[in-house]
Amino acid sequence: MTRIILIVILCIFYLVNGFSQIPRFTRQDTLRGSITEERKWWDLTYYHLDITVNPDDSTIYGTNTVGYTVLERNQVMQIDLQPPLELKQAIQEGEKLNIKHDGNAHFIYLIKKQKPGSRNELELIYGGHPHIAPRPPWSGGITWSYDNNNNPLIVSTCQGTGASVWWPCKDHMYDEPDSMLISVTVPENLMDVSNGRLRKVKTNDEYTRTFHWFVSNPINNYGVNINIGDYVHFSEQYDGEKGKLDCDYYVLPYNLEKAKEQFKQVPLMLEAFEYWFGPYPFYEDGYKLVEVPYPGMEHQSSVTYGNGYENGYGGIDQSRSGWGMKFDFIIIHESGHEWFANSITYRDIADMWIHESFINYSENLYVEYHFGKEAGTEYVLGTRMGIRNDRPIIGFYDVNYSGSGDMYPKGGNMLHTLRQIVNDDLKWRSILRGINEEYYHQTVTTQQIENYLSEQIGVDLSKFFDQYLRDIRIPVFEYSIKENELFYRWNNCVDGFDMPVKVKISGTEKWLYPTRRWASTEIDQDNPVLKIDPNFYVAVLNITGR
Ligand SMILES: [Zn+2]
């Protein structure tokens, strides 16, 4: 009897868990990924991160001063910091506060009455050995490495993992401080390069120097970074849409000549992206490229670079079209994120496609700008080889869980498909620039971007996005030709999918408006041959073979 009960329980367990595609989430995932009660009552205004980084014992010690405005009455504040780092103290107006630790989340019990509308500050004191990045930048933390001259090269990466892997903060993307000061103390023979502008360098008594970097724009938390090394510096000014843009480059001394050659692509990048997306979004903070010992990351106004000073991505053309070897993937892709990721930022990492689909797509816009439309098309169609259709592009909300890596090539091809529907390159460009104006320096949801595109294009795109972002199937254009009649419909797609599509019938271009139901149209050629425009990311099936 007990055996039967056990088997029944096991069957139920497998039915519920074993066959489901939904990963299991924990309370920690919810604390990290949702806008909790202890987060939503206060609005970040300012951070001053002030730390000492010690290469000798691989530790970080320091403080983060958090400025915020009270939105609603509450006396408990959630701050995130991941072990093995320890949140040692929280202080407000000289008073030491009680902290209840719950894994990576720390609940601080404030004494001072938090009056709506008031602006307050809180000082967080922390330190220890930060988590070491297992695989930067994909799996983040701190990387303690050495350059070829055996000088320390210490860098941070934390997208997905969370900024709380190396400093205490509100580790959710919905809220950004309006500005931030990053003060980093390092041994005097090294320098730190962080975000924004270098405000001052202070020489201390203990053979150290402190680098003060000020970011005068809202910054997303994974964009904040430290890069500590024996850097040399060169710079130029780019004459852009909003005036003179300061471009500063920090590289290892033995790579200076290579960098001066390779970084000539920066003005080419700025020219192409300002054309398509509008002005570079952080003129006040400048633009930087900083050499690091991992491939690269879109750190805001200090894009990090580790692509070996060669074109392609790690020497490879991901599109296999040849065009991928005409540019340095990391300079183009990571810098493109200044528009989509740093200026327009996802509120929840489930919507990471807003960063990666637009920037995967930006690679072909770069190619198109410099090498012509046909080249751009070859590039974006070439990247389809990397599409897996394994999981939806949108991940799970409120648990810090991103969707499929298809957000890169499939997302790029979704946008390329959308461009065909717009069928007007000038309008398409004005829409891309429009998104950058509408959501300038904001955190956004998928719904906002979908609605904006539907409104601007004048087509209800809800089913289009359901298909490409929330489903893994490739829609199939099914057709059959009988005498002088073409029968057609969409299949293998979401209910209500009704994307218009461009076809050529014996060389003559024609727009069709298929739905899930069979429709027909007359054609007046003998032995007609139908070809779907390859710019649409769809499959085709001639069901009767005729
Ligand atoms: Zn990216």
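Keep in mind that this is a model prediction, so the values were computed, not measured.

Chemist: Please provide a residue-by-residue account of the coordination of the zinc ion, values included.
Modeler: The protein atoms donating to the zinc ion are H333 (NE2), H337 (NE2), E356 (OE) and E356 (OE), with metal-donor distances spanning 2.0 to 2.6 Å. In this structure, the zinc ion is surrounded by four donor atoms whose angles at the metal cover 54 to 155°, and the resulting shape is irregular. Sequence spacing of the donors to the zinc ion: H-x3-H-x18-E. Of this pair, H337 sits in the loop between α6 (329-336) and β21 (344-346) while E356 sits in helix α7 (residues 353-371), placing them 19 residues apart in sequence. For the pair shown, H337 and E356 are each scored as buried.

Chemist: Now, about unusual backbone geometry: what can you tell me, with residues and values included?
Modeler: Following P83, the chain continues to P84 via a peptide bond in cis, the omega torsion being 10°. Considering the arrangement of structural elements, one finds P84 in the loop between β3 (76-80) and β4 (86-92). Look at the link from P136 to P137: it is a cis peptide, with omega at 5°. The phi torsion at N389 lies on the positive side, around 50°, for a residue other than glycine. Relative to the assigned elements, N389 resides in the loop between α8 (373-382) and α9 (409-422). Classification of N389 as buried rests on a relative accessible area of 17%. Unusually for a residue other than glycine, D398 sits at a positive phi of about 70°. With respect to the element layout, D398 can be found in the loop between α8 and α9. Residue classification places D398 among the partly exposed residues on the basis of a relative accessible area of 39%.

Chemist: Any chance you could break down the sheet that holds strand β14 (residues 208-215) for me, citing the residues and the numbers?
Modeler: Taken together, the eight strands give an open sheet; going across it, the order is β5-β4-β8-β2-β1-β11-β14-β13, and neighbouring strands pair in mixed fashion. Unpaired on one side and paired on the other, β5 (95-96) and β13 (197-203) mark the two borders of the sheet. In the sheet, strand β1 (residues 42-54) pairs with strand β11 (residues 179-187) via seven bridges, with the strands oriented parallel. Residue pairing across strands places T52 opposite T185, the latter belonging to β11.

Thresholds, definitions, all that
- Residues numbered from 1 in each chain as written.
- Predicted model: local features only at pLDDT ≥ 70, side-chain atom pairs only at ≥ 80, totals over all residues.
- Heavy atoms only, no water.
- Donors = N, O, S within 2.8 Å, 3.2 Å for Na, K, Ca; no water.
- Tetrahedral: all angles 85-135°; square planar, octahedral: opposite > 155°, others 65-115°.
- Helix = DSSP H or I, 4+ residues; strand = E, 2+ residues; numbered from the N terminus.
- Buried < 20%, exposed > 50% of the residue type's maximum accessible area, 1.4 Å probe, protein only.
- Pairing = 2+ DSSP bridges.

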